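Reading the structure
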Amino acid sequence: MSSTIVYPKATTEPPKVRSICNFPPLSPKDALEERLLLESVSWPETPALPSPLSLELTSDPAHSSFTILPARGGGGQWHVGDQLEVSIAISDFKGQPKKSGGDFLLARLHNLTLGAGVAGKVVDHLNGSYSAVFPLLWEGAAQVEVTLVHPSEAITVLNRLTSEQPDRIFFKSVLSLGSRSQTTICNMCLRQTKQPICDFTDPRTGDPWFCYNPKNMSCDARIAHSMAGYKQTPALLKAKEDKLFQGRVNLKVCIPASGPAGVTVLPKKEGQPEVESSIVNFQASGYYYQGLWRALDGTKVRQFTGASAITQCLKGKVVHLYGDSTIRQWFEFLNAALPDLKEFNLGSSRTNGPFMALDYENKIMVTFCLHGPPLRFVGSIEEIRYIANELEDLIAGPNIVVVFGIWAHFGSFPIELYIRRLQRIRSAVVRLLDRAPKTVIIIRTANPKALLLDVAINNSDWFSLQFDKVLRAIFKGLNVHLIDAWEMVLAHHLPNSLHPQPPIIKNMMDVLFSYTCLQKGG
């Protein structure tokens, strides 16, 4: 954690706003990158919705189906190293084939008995049909699972909400002066009224944050931040649009197979070329086998079983964790796994941190710090620290491990705000590596989660998928390591969860330790 905290100097100048979000001009280089990133995550056009909505003509997983296509080589048999192709046909509630694309599908291949699983790649043909492609990585049975996360019509709603209601989750700050205190509404995207606005944009990073300025109260009197609430779902959705987000109907529901739902994979044929997909060139980042994650990017993932193995890896190291509660999980894992790691009582809440733990004998220190707003937490402004600022102030080196993950609190905002946050963090990472190139930097990606109506409209996997793509693109080519939480959650047999269950966390930590201890033969 940095020793110096610079708080934003508040002003009462209203921000220049496009729509209700503030997008200051970027440098030509960053502006070009932003445009290319927006193009890379652009979604196929989805249908305009009639009002009131009729569910009959929308995508229905129960009337849809997938079909495993015949093997393209080897006499109709599948072998390890080949790619499996699946055709997916989407129909509406009347059983009529859809004629357009834009549905959000996820796919995985798995064998529960073997503890095996891998994520698939879905391709939208824009005519109601889709393909899923899987690498065949183990011998034996392999079952296909295709899930409709959202019908295309739901994507239309999510797009509209991001455009028109980026403030559907709102926040508040307490301003205190002498014996008087007042609470005011705050946000990254704040609607302009006649009320003056306090501009708490960070002076170093330029990350925006605004609050309404209460009467007779100085902006500099802000002492606390918290989430104020959510706009109620009925106020956000038009008539019957909630029907597009029904669990067990059309929200994260499996699509049935037409014919066999699985294949038997034979051993790799020596001397025979692997059969690649004719649809898309897809390389998974890894897969599970016997419950353990095996990376496919050349990283040897070692198993760090027990406190002694982890301690040996981290001996003499400082591990700085920055991010949201999905990174806090990793601090909690280390605290529980290492009995000699003693946490200091910093007087902070168990939700927010900051946290610090030390193993004095083995010279191991672990810290955790939340990223800056937007954050759905309650705390003082001393706890508001932007990752870019923390990295700029960090004394780095070969025994320093920097880990961060930032995504889960951005779902209700335009993706431009996320892109710009990552661009600022990347600049800090580049400068850190310039001054200390042997620093280990590890980044956690987004992951799919359980979805209910309120979660879906504010923090859908559809938003997270875009964040995942953007993060990979922004940090591509830098000397950093990614922990692919997206595929590690999707490929596992346990239910998707914002906070993955312990077996998945253990695998993530083994990847983290493997990156941290590469120089020791990993």
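All values derive from a computational prediction rather than experimental measurement. (Residues numbered from 1 in each chain as written. Predicted model: local features only at pLDDT ≥ 70, side-chain atom pairs only at ≥ 80, totals over all residues. Heavy atoms only, no water.)

1. Some words on the overall build of the chain
Scanning the chain from N- to C-terminus turns up eleven helices and 25 strands. The globule rule puts the C-alpha radius of gyration for 522 residues at 24 Å, and the 24 Å found for the chain is close to it. When its C-alpha atoms are laid out on the principal axes, the chain stretches across 80 × 65 × 40 Å. Counting all 522 residues of the chain, 54% fall into the buried class. Restricting the contact set of the chain to residue pairs at least 6 apart, pairs at least 24 apart contribute 76%. A total of about 22100 Å² of accessible surface is found on the chain, and carbon and sulfur atoms cover 54% of it. For the chain, the distance from the average site of its 53 positive side-chain charges to the average site of its 47 negative ones is 3 Å. (Helix = DSSP H or I, 4+ residues; strand = E, 2+ residues; numbered from the N terminus. Rg over C-alpha atoms; globule rule 2.2 N^0.38 Å. Buried < 20%, exposed > 50% of the residue type's maximum accessible area, 1.4 Å probe, protein only. Contact = heavy atoms within 4.5 Å. Areas by Shrake-Rupley, 256 points an atom, 1.4 Å probe, with all protein chains shown as cover. Lys, Arg positive; Asp, Glu negative; His and termini not counted. Charge placed at Lys NZ, Arg CZ, Asp CG, Glu CD.)

2. Looking at the side chain of Ser-412
Along the chain, Ser-412 turns up in the loop between strand S23 (400-405) and helix H7 (415-435). Excluding anything up to four places from it in sequence, Ser-412 contacts Gln-165, Pro-166, Arg-168, Ile-169 and Asn-458.

3. Topic: the sheet that holds strand S3 (residues 83-92)
Pairing is antiparallel in the open sheet, where four strands are placed in the order S1-S3-S7-S6. The open sheet has two edge strands with one neighbour each: strand S1 (59-68) and strand S6 (121-124). The average undirected angle you get between the axes of adjacent strands in this sheet is 25 degrees. In terms of strand pairing, S1 meets S3 through six bridges, oriented antiparallel. Bridging across to S3, Thr-67 finds its partner in Ser-87. (Pairing = 2+ DSSP bridges. Axes fitted to C-alpha atoms, helices over the stretch in contact; angles between N-to-C directions.)

4. Let's talk about the environment of Glu-416
Its location among the elements puts Glu-416 in helix H7. According to the relative accessible area criterion, Glu-416 is buried, its value standing at 13%. Taking the C-alpha atoms as reference points, Glu-416 and Thr-67, separated by 349 residues in sequence, lie 38 Å from one another.

5. Some remarks on the pairing of strand S7 (residues 129-135)
The buried count for S7 comes to six of seven residues, which makes it a mostly enclosed element. Where S6 meets S7, four bridges bridge the pair, whose relative direction is antiparallel. Residue pairing for S7: Val-123 is matched across the bridge by Ser-131. Between S6 and S7, which pair antiparallel and follow one another directly, the connecting turn spans four residues, one of which, Leu-126, has a positive phi of 65 degrees.

6. Digging into the UniProt feature "domain: NXPE C-terminal" (unreviewed entry) in the chain
UniProt records the feature "domain: NXPE C-terminal" (unreviewed entry) for residues 293-517 in the present numbering. In the segment residues 293-517, helix accounts for 40% and strand for 17%; the C-alpha atoms at its two ends are 17 Å apart. (UniProt positions renumbered as here; feature names shortened; annotations may be inferred.)

7. What to know about helix H2 (residues 152-164)
An ideal rise of 1.5 Å per residue puts 18 Å on 13 residues; H2 measures up with 19 Å between its terminal C-alpha atoms. Taking burial as the measure, the 13 residues of H2 include ten buried ones, the bulk of the element. Every buried residue belonging to H2 is among Ser-152, Glu-153, Ala-154, Ile-155, Thr-156, Val-157, Leu-158, Arg-160, Leu-161 and Thr-162, and all of these are buried. Buried residues in H2 make contact with S1, strand S4 (104-111), strand S8 (140-150), helix H3 (233-236), helix H8 (453-459) and helix H9 (461-474). (Expected span 1.5 Å × (residues − 1).)

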